[in-house]
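Summary of structural features
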Amino acid sequence: MTASLAFAAAQPHFPPMALLTILEFPDPRLRTKAQPVTVFDAALKQFVADMFETMYAAPGVGLAATQVNVHQQVLVMDMSEDKSGAMALVNPRILEKDGEQVFQEGCLSFPGIYADVDRALHVKVAAQDVDGKEFVLDVEGPLAVCVQHEMDHLQGKVFVDYLSPLKRSMLLKKLDKKRKQSA
Ligand code: NI
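Scope of this entry: the structure provided in the associated data block. Computed from a prediction, not measured in an experiment: that's the story for all the values here.

Taken together, Cys107 (SG), His149 (NE2) and His153 (NE2) make up the protein donors of the nickel ion, found 2.0 to 2.2 Å from the metal. In the primary structure, the donors to the nickel ion are separated according to the pattern C-x41-H-x3-H. Here histidine 149 lies in helix α3 (residues 142-154) and cysteine 107 lies in the loop between β4 (101-105) and β5 (115-119), a separation of 42 residues in the sequence. With respect to class, cysteine 107 is no different from histidine 149; both count as buried.

Across its 16 residues, helix α2 (residues 42-57) extends 22 Å between first and last C-alpha, which sits within 8% of the 22 Å expected from 1.5 Å per residue. If you check which residues of α2 are buried, you get Leu44, Phe47, Val48, Asp50, Met51, Phe52, Glu53, Thr54, Met55 and Tyr56. Tucked inside the fold, the buried residues of α2 contact β1 (62-64), β2 (74-77) and β3 (87-98).

Our focus in this paragraph is the packing of aromatic side chains. The full count for this structure, using the stated rule, is three aromatic pairs. Aromatic pair phenylalanine 25 and phenylalanine 110: ring centres 4.7 Å apart, planes at 25°, arrangement stacked. One end of the pair, phenylalanine 25, is in the loop between α1 (5-9) and α2; the other, phenylalanine 110, is in the loop between β4 and β5, with 85 residues separating them in the sequence. Centre to centre, the rings of phenylalanine 52 and tyrosine 56 are 6.1 Å apart; their planes meet at 20°, and the pair counts as stacked. Here tyrosine 56 and phenylalanine 52 lie together in helix α2, a separation of four residues that amounts to about one turn. Joined through ring pairs, the aromatic side chains of Phe25, Phe110 and Phe159 make up one cluster.

What counts and what doesn't
Residues numbered from 1 in each chain as written. Predicted model: local features only at pLDDT ≥ 70, side-chain atom pairs only at ≥ 80, totals over all residues. Heavy atoms only, no water. Donors = N, O, S within 2.8 Å, 3.2 Å for Na, K, Ca; no water. Helix = DSSP H or I, 4+ residues; strand = E, 2+ residues; numbered from the N terminus. Buried < 20%, exposed > 50% of the residue type's maximum accessible area, 1.4 Å probe, protein only. Expected span 1.5 Å × (residues − 1). Contact = heavy atoms within 4.5 Å. Phe/Tyr/Trp six-rings, centres within 6.5 Å; stacked < 30°, edge-to-face > 60°.

Right under this line is the structure:
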């Protein structure tokens, strides 16, 4: 997920070391359903470290493994402005969700476009850390939006799937235009 441009600009520079390539919509690989992680080894830790680097460099506030063409249930998030909120979730699953909120979302697979999406206000998620240790994340507001957005990626779902066909087609035209401008 990406935040507003003002917030993005405030992210500190991070030197590229092991940057992964982010798939961009409409790449069909973004529709792949991720498999559960069963091995918690050094390769997983390195992959998570690379995901953080890639997310901070983009810059973004959330990244799912699906977006870097690794189809394992792994996501990283950090909605802080000083890298103090880094979280990695392995094999996340929703335990509870309630309430409703509308939040303007962006996505690293849709550079430069944003749209309001309806999500649960509060979510309780069970996950594992990089060592396989279970934990529960109980969040609301923007962080709840972020975790729901990234968990969707692991199911092959993207934020524009929630929009009306008209709104979606307007937004995708804008995405095309932005791509032509930056080409
Ligand atoms: Ni995204």
